[in-house]
Amino acid sequence: MRHLRQPVRWTRLGMVAENLVRCFWPFWTILFLTLAPLMMGWHDLLPLAALVALAACVLIALVTALLWGLRRFHIPGPAEALARVDAALPGRPIAAVADIQAIGAGDPASMAVWQAHVARMAERTKSARAVEPDLRIADRDPYGLRFIAVLFFITALLFGSVLRVTSVGDIVTGPSPALASGPVWEGWVEPPAYTGRPTLYLNDIRSGPLRVPAGSMLTLRVYGDLGGISLNENVSGRPDDLPPLAEGQQQFEIVYSGTLALEGPDERRWTVTAVADAPPFVALTDPLTADAMGEMSQPFRASDDYGVESGTATIALDLAAVERRHGLAADPETIPDLVLDLPMPFTGNRAEFEGFLVDNLSEHPLANLPVTLQLSVTDAAGQTASTAPEPLILPGRRFFQPVARAVIEQRRDLMWSRDNARRVGQLLRAISHRPEDIFTSETMYLRMRTIIRRMDAIALVGLDEETQAEIVSALWDLAIQLEDGRLADARERLRRAQERLSEAMRNGASDAEIAELMDELREATDDYMRMLAEQAEPGDGTDQADSSGESMELSMSDLQAMMDRIEELMQEGRMAEAQALMEQLNQMMENMRVAQGEGGDGPPSPGQQSMQDLADTLRDQQGLSDDAFRDLQNRADGSGQGQQEDSTGQQGPDGQGQSGEGEQGEGEAGQGEQGRGQGQGSDPSDQGRSGPGDDQRGLTERQQALRQELQRQRDGLPNLPGDSGDTARQSLDRAEGAMEGAEQALRGGDLSGAIDRQAEAMDALRDGMRELGQAMAEAQTGQSGEEGEAAGNAVPGQRDPLGREMGNSGQMGTEQNLLGDMDINRRAAELLDEIRRRSAEQDRPEVERDYLRRLLGQF
C-alpha cells in the first residue's frame, strides 16, 4: 500500500520531535537561562571568582540534562509510526488488512465474506493522514520553566547582543594583546528619559554633525595606555583646567552646542547641536459654556514637543469687575484662588491634544461672580506656559423660583463677608413675612425659621467660620428644595387649576377670566410635567438618551395643543365642547400618571410598588421631621424665646399662628401614618401631647417603625441590572443609617441632631428613588427590542399612554381628528407662530427650547 508511505514518514518525524522535546527540554531550558544574562552583559558586573563558580554550576547542569535526555531518547521505527497512523483510523484498517483468516478458511462463503471485509478495510486505508505530534509536556514541567527561559532569551535578543557572549573569554584570559598595546575608547550619549529618544553609541557614529537633546548625558570610557587619547569639548560648560582623559570613565551633560573631539587612535570630531526643549503651549479654544444646573465646560488645547505632564486652571476673584452694591458693598473676606486640575489623556500621545475642563462650582463662593480664568501647563523639563487671564462670570446653577433666587443671593452675601450676617437675617425674615403666599410646604417654612433663629442666636457672639459654613449649607439645601419643589404639590396645584377652569365653564366666565384661568392651567401643567420628567429621569448631566424623554416631549406638545383648543372653544362660547375636551385633558393627565408609574387600576410591577412604598416612606419621614421640629420649637417657646418670635407677627404657611401649626401638623402627620398601612400601630388621636416625655417616646417609636419599614423595602427591591440599581441600594443603606442616627438622637433627647439626621435620610431616600427610576428605565429600554414585534399589531380597545385609542396600524398615537371642523392650514400656521414665540422666550428651560428649535427645523 504505497499510499501509506507519506503519512507514515511524516508521522515518524513527528514522533522524533516528540522524543526530542520530552527528553531534552531541561537542556535547552538551562541553556536559554544561561545565554540570556550573558547577552545582556550581566557578567561584566560580576567579580571573576563569582563568574567562575556560576560557570561551573551551569556546566554541570548542562551535562546532567544532556545525559538524562540521551538515556531516554530513541528514534521510533517504521512499525511504531505505522501503528500510530492505524490507531488514528476508525476500525484500525491497516491491521485488518494484515490479518489472516483463522476460522472457515476452507468455506467458500466464509472466504468471500473475509475478502469483502479485507477489500473494505483496504479502501479505508486510503483516507490515512499523518498524525500530528503531541509536543505538550505540561505534566513534566508543571511550573512552566521552559516558558520563562524562552521569555528571557527573546528579551535578550531584543535588548542585548549575541556578540557580548564572546567577552566571557576576555574576562577569564585577560585583555587581548591588541587592547593592551594601544588605547581604545567607547562612548554613549543618553538623552533625557522624558524625550523617549534611544541611546547613541558614539563608536558607530562617524565624524560630522550630531544633534542631541539638551541635557543629554555623555559617557566616555578609555582602555589601554594612559594618555593616548585626549578629549576636547566645549559643550558641557565645564572649566578649562580639567584633568586629562585617562583610563576609566568620564561623564558630563551636554548643555550647549559646540565641538566634541577625541584625538588619538580612531580619532573623531563631531559638531554637536544641543536641541533645546521647547516650552509647552496652552490656549482656550472656545468660550466657556454652562447648563442650567451650573455645570460648566471650557474647551482648551495644549501641546509640547515631548508631551505635557500636568496642567491646572486657576480661578481668581476679579474684584474690580464686581458691582459693589447690596451685600457685595462690604469688604470681602479673603477668598483663596480656586485651582482645578486640567484633565490629561490617560492613553495616547500628550504632545498635542484637546480637552474639556468640566466641573460644577455652583456651591463655591465665587459662583455667579466676576472671575478670571487662567490655564497653566507644565512639561517634563519643568517649563511652564500659561494663558492670559480670561475675565468671565463663573457659572452656577440658575434658580428660577423667586424665593429660591432670593435665598441664594443671601447665601452669596453671607459667604462674601461675615459682616453681612445681620443683614442676611433681616432679609430672610422679611422674605418669610407672609409664608402662606410663598412656601408650598410647611417643611420649607420651618427650615427657613430654623436658619433665622440660628442667625439671631449668633448675632450677639459673632459668626465664626464653622457656623458660617453650616448656615451656608442649610441655605443651599433650602434653595434647592424651594426650586425643585415636590411632585405632589405640583399635582395638587394642577388639580385645583382644572377645577377652577371647569367651574368657570359652568358659570359662563368672561374672556378675561378665561384667559387668566388658562394661563394658570398652563403654568401648573408645565410645572407638573417638568417635575414628572425630573422624577422619571436621573438628570445627571449625561448625554445618554432614553425612550422616556421622547415620550415626555410628545406629551407636552399634545397637552399644549389641547389647552389652546380649550381656550379657543371657550372664547367662542362653545362651552359644552370645551367641557368635553377638558374631561379628555383630565383623562390624558391621569393616563400620564399611569405611564409614569404613579397610579392606575392594574396591578403595579415590583419596581413601581417599590417606588410607591419609598414615596410613602419619604412622606412619613418628612411628617415625622415636621413634628420633631415643632417639638423643638415648642420647647424653645417654653423657655421664653417663643414670645419674641410671636411678637413679629409671623404665621405659618396655613396662615395660622405657631400653636395652630403644631396642631394642624400633628393631624397631618397622623393621617400620613394612618394612610401608610404599614403596621405603625398608632392612631392619630393617640398622638396628642400629654407631656414632653410621651412626645419623645412617640417620635422615637415612629422613627424606629420607619427604619424597620425601609429595611423591609430595601430587602424587597427587584433585581435591576446596571450601576443605577447598585447605587439605589447604596442610597437606601445611607438612608437607613441616617434613620438609625435620628432614632438614637431622639432617645437621647437631642431634637436638633435628630432633625439633621432626618434631613440626611430624606436626601438619601430621594437619591435612591431617582436611581431606582433610572434602573427601571434602563431595564424597560432593554426589553423594548423584544417587545417591538408584538407592539406592531394593534389590539382592539388598546390605548396609548395618553389615553388615545390606537390606530389601525398599531402605532402610538391616534387616527382621530382632534381639530374637528377647523381649517387645518390655519391651525398649522397658528402652531408654528406659537412655537416660534415660545422658542424665543429666554426664561423657558433649555431642554424645552431645544425641542422647539428642532420642531422648527423640521417644519
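Along each chain, residue indices are assigned from 1 in the same order as the chain's sequence is written. This being a predicted model, a pLDDT of at least 70 is required before a residue's local features are given, and a value of 80 or more before pairs of side-chain atoms are given or counted; all residues contribute to the totals for chains, interfaces and linings. The basis for every side-chain value is the complete set of heavy atoms in the structure, and neither hydrogens nor water enter the calculation.

S.K.: I keep staring at the nonpolar core and nothing clicks. Help me out?
M.R.: Side chains that are nonpolar tend, in soluble globular proteins, to be buried together. With 39 residues, the main nonpolar core has Val407, Leu414, Leu428, Met448, Met455, Ile471 and Leu482 as its most contacted residues. Contributing elements (two or more residues each) for this core: helix H9 (402–416), helix H10 (421–431), helix H11 (442–458), helix H12 (465–484), helix H17 (606–638), helix H20 (692–715), helix H21 (722–747) and helix H22 (751–791). Throughout, a residue-residue contact means that at least one pair of heavy atoms, one from each residue, lies within 4.5 Å. Filtering out sequence-adjacent residues up to four positions away, Leu428 remains in contact with Gln410, Met448, Ile451, Ile452, Met455 and Leu475. In this text, buried Ala, Val, Leu, Ile, Met, Phe, Trp, Tyr and Cys residues form a nonpolar core when linked through side-chain atoms within 4.5 Å. Relative accessibility thresholds used throughout: buried, under 20% of the residue-type maximum; exposed, over 50%; partly exposed, between the two (1.4 Å probe, protein chains only). One finds Leu340, Leu357, Leu373 and Leu394 within the second-largest nonpolar core, a separate group that totals 23 residues. The helix and strand labels rest on DSSP assignments: H or I over at least four residues marks a helix, E over at least two residues marks a strand, and numbering proceeds from the N terminus.

S.K.: When you look at a nonpolar patch on the surface in this model, what are you seeing that I'm missing?
M.R.: Exposure above 30% relative accessible area and no salt bridge define the residues that can form patches, which grow by joining like charges within 9 Å and nonpolar side chains of Val, Leu, Ile, Met, Phe, Trp and Tyr within 5 Å. All accessible areas in this document rest on Shrake-Rupley with a 1.4 Å probe, and a residue is counted as covered only by the protein chains that are shown. What makes a salt bridge here is a side-chain nitrogen of Lys or Arg within 4 Å of a carboxyl oxygen of Asp or Glu, nothing more. Taken together, the side chains of Leu33, Tyr143, Leu145, Ile148, Leu151 and Phe152 make up a nonpolar region of the molecular surface, amounting to roughly 630 Å² of accessible area. Top element by residues in the nonpolar patch is helix H6 (residues 145–159). It accounts for 4 residues. Within the fold, Leu151 resides in helix H6.

S.K.: Can you walk me through the side chain of Arg146 in this structure?
M.R.: Within the secondary structure, Arg146 is located in helix H6. Counted as a polar contact is a pair of N or O atoms within 3.5 Å, where, for protein atoms, one must be capable of donating a hydrogen and the other of accepting one, and residues adjacent in sequence contribute only when both atoms are in side chains. Of note is the side chain of Arg146, whose polar atom sits 2.9 Å from the side chain of Asp141. Excluding residues that lie within four positions of it along the chain, Arg146 makes contacts with Trp28, Thr29, Ile137, Ala138 and Asp141.

S.K.: In this structure, what is going on with the packing of helix H1 (residues 5–39) against helix H3 (residues 78–88)? I would like to understand it.
M.R.: The description of two helices packed together rests on the angle between their axes and the distance between the axes. Each axis is a line fitted through C-alpha atoms, taken for helices only over the stretch in contact, and angles between the N-to-C directions span 0 to 180 degrees. Orientation of H1 relative to H3, taken along the N-to-C sense of each, is 105°, at an axis distance of 8 Å. With respect to H3, the axis of H1 lies roughly perpendicular. Contacts between H1 and H3 pair Pro7, Val8, Thr11, Arg12, Met15 and Glu18 from the former with Pro78, Glu80, Ala81, Leu82, Arg84 and Val85 from the latter. Across the contact of H1 with H3, the residue classes break down as 7 nonpolar, 1 polar and 4 charged. An angle counts as roughly parallel when it lies under 35 degrees, as roughly antiparallel when it exceeds 145, as roughly perpendicular when it falls between 65 and 115, and as oblique in every other case. Note on residue categories: nonpolar means Ala, Val, Leu, Ile, Met, Phe, Trp, Tyr, Cys or Pro, charged means Asp, Glu, Lys or Arg, and polar means any other residue, Gly included.

S.K.: It is not clear to me how the sheet that holds strand S3 (residues 208–213) should be interpreted in this structure. Could you clarify?
M.R.: In sheet architecture, strand pairing relies on hydrogen bonds along the backbone and comes in two forms, parallel and antiparallel. Pairing within the open sheet is mixed, and its 4 strands lie in the order S3-S8-S7-S5. Each edge of the sheet is formed by a strand with only one pairing partner; in this case those strands are S3 and strand S5 (230–233). Each strand of the sheet is rotated relative to its neighbour by a mean of 25°, with strand direction disregarded. Bridge analysis of S3 against strand S8 (residues 268–275) gives 6 bridges, and the strand direction is parallel. The partner of Leu210 across the bridge, within S8, is Val272. One requirement defines pairing of two strands: DSSP has to find at least two bridges between them.

S.K.: I tried to follow H9 on my own but got confused; where do I start?
M.R.: Given 3.6 residues per turn, any residue in an α-helix points the same way as the ones three and four places further on. Taking 1.5 Å of rise per residue, 15 residues should cover 21 Å, and H9 covers 21 Å from first to last C-alpha, within 8% of that figure. Turning to H9, its buried residues number three or more, namely Val403, Ala404, Val407, Ile408, Gln410, Arg411, Asp413, Leu414, Met415 and Trp416. An expected span of 1.5 Å times one less than the residue number is assigned to each helix.

S.K.: Please explain the confidence of the model for the protein chain as it appears in this structure.
M.R.: Caution applies to low-pLDDT parts of the model: their predicted coordinates are not meant to be read in detail. Averaged over all residues, the pLDDT of the protein chain equals 76, while 76% of them reach at least 70. Each residue carries a pLDDT value, the predictor's own confidence for that position, ranging from 0 to 100. Within the model, pLDDT remains below 50 along residues 594–602, and this stretch shows 15 contacts once partners closer than five positions in the same chain are excluded.

S.K.: Please explain the pattern of salt bridges as it appears in this structure.
M.R.: One side chain can pair with another of opposite charge once the charged atoms of both are near each other. In the structure shown here, the tally under the stated rule is 32 salt bridges. The salt bridge involving Arg702 is made with Asp627; its shortest N-O contact spans 2.9 Å. One end of the pair, Arg702, is in helix H20; the other, Asp627, is in helix H17, and 75 residues separate them in sequence. The exposure classification of Arg702 matches that of Asp627, with both residues buried. Notably, a salt bridge pairs Glu736 with Arg714, separated by 3.0 Å at the nearest N-O pair. Taken together, the residues Glu736 in helix H21 and Arg714 in helix H20 connect sequence positions 22 residues apart. Residue Glu736 is classed as buried on the basis of its relative accessible area, which comes to 13%. For Arg714, a relative accessible area of 22% gives the class partly exposed. One salt-bridge network, in which partners are shared between bridges, spans Glu834, Arg837, Arg838, Glu841, Arg844 and Glu848.

S.K.: Hey, could you run me through the packing of H1 against H6 in this one?
M.R.: Interaxial distance between H1 and H6 falls to 8 Å at its minimum, and their mutual angle equals 30°. By the criterion of interaxial angle, the relationship of H1 to H6 is roughly parallel. As H1 packs across H6, the resulting crossing turns out to be left-handed. Every residue of H6 that contacts H1 at Trp28, Thr29, Phe32, Leu33, Leu35, Ala36 and Met39 is listed here: Leu145, Arg146, Ala149, Val150, Phe152, Phe153, Ala156 and Leu157. Counted by class, the contact of H1 with H6 contains 13 nonpolar, 1 polar and 1 charged residues. In this scheme the crossing of two helices becomes right-handed for a clockwise turn of the near helix relative to the far one and left-handed for an anticlockwise turn of less than a right angle.

S.K.: What is the right way to read H10 from this model?
M.R.: Among all positions in H10, only Ala421, Val424, Gly425, Leu428, Arg429 and Ile431 are buried. Buried residues along H10 cover an arc of 160° about the axis, so they all sit on one side. Exposed residues lying more than 90 degrees from the buried face of H10 are Arg422 and Ala430. Taking the helix axis as origin, the arc is that swept by the directions to the C-beta atoms.

S.K.: Is there a simple way to think about the environment of Glu442 in this case?
M.R.: Mapped onto the secondary structure, Glu442 falls in helix H11. Along the chain, Glu442 and Gly623 lie 181 residues apart, while their C-alpha atoms are 9.6 Å from each other.

S.K.: Mind showing me how you'd approach the packing of aromatic side chains here?
M.R.: The description of an aromatic ring pair rests on the distance of the ring centres and on the angle between the ring planes. Stacked, edge-to-face and tilted are the three classes for Phe, Tyr and Trp ring pairs, Trp counted by its six-membered ring, which pair at centre distances within 6.5 Å; planes under 30 degrees apart are stacked, over 60 edge-to-face, the rest tilted. Under the counting rule described, the total for this entry stands at 8 aromatic pairs. Ring centres 6.3 Å apart and planes at 85° place the aromatic pair Phe300 and Phe353 in the edge-to-face group. Here Phe300 is found in strand S11 (residues 295–303), whereas its partner Phe353 is found in strand S14 (residues 352–360), with 53 residues between them in sequence. Phe353 shares its class with Phe300; the two are buried. On the numbers, 5.7 Å between centres and 90° between planes, the contact of Phe399 with Trp476 is edge-to-face. Placement of Phe399 in the loop between strand S17 (390–393) and H9 and of Trp476 in helix H12 is noted, with a sequence separation of 77 residues between them.

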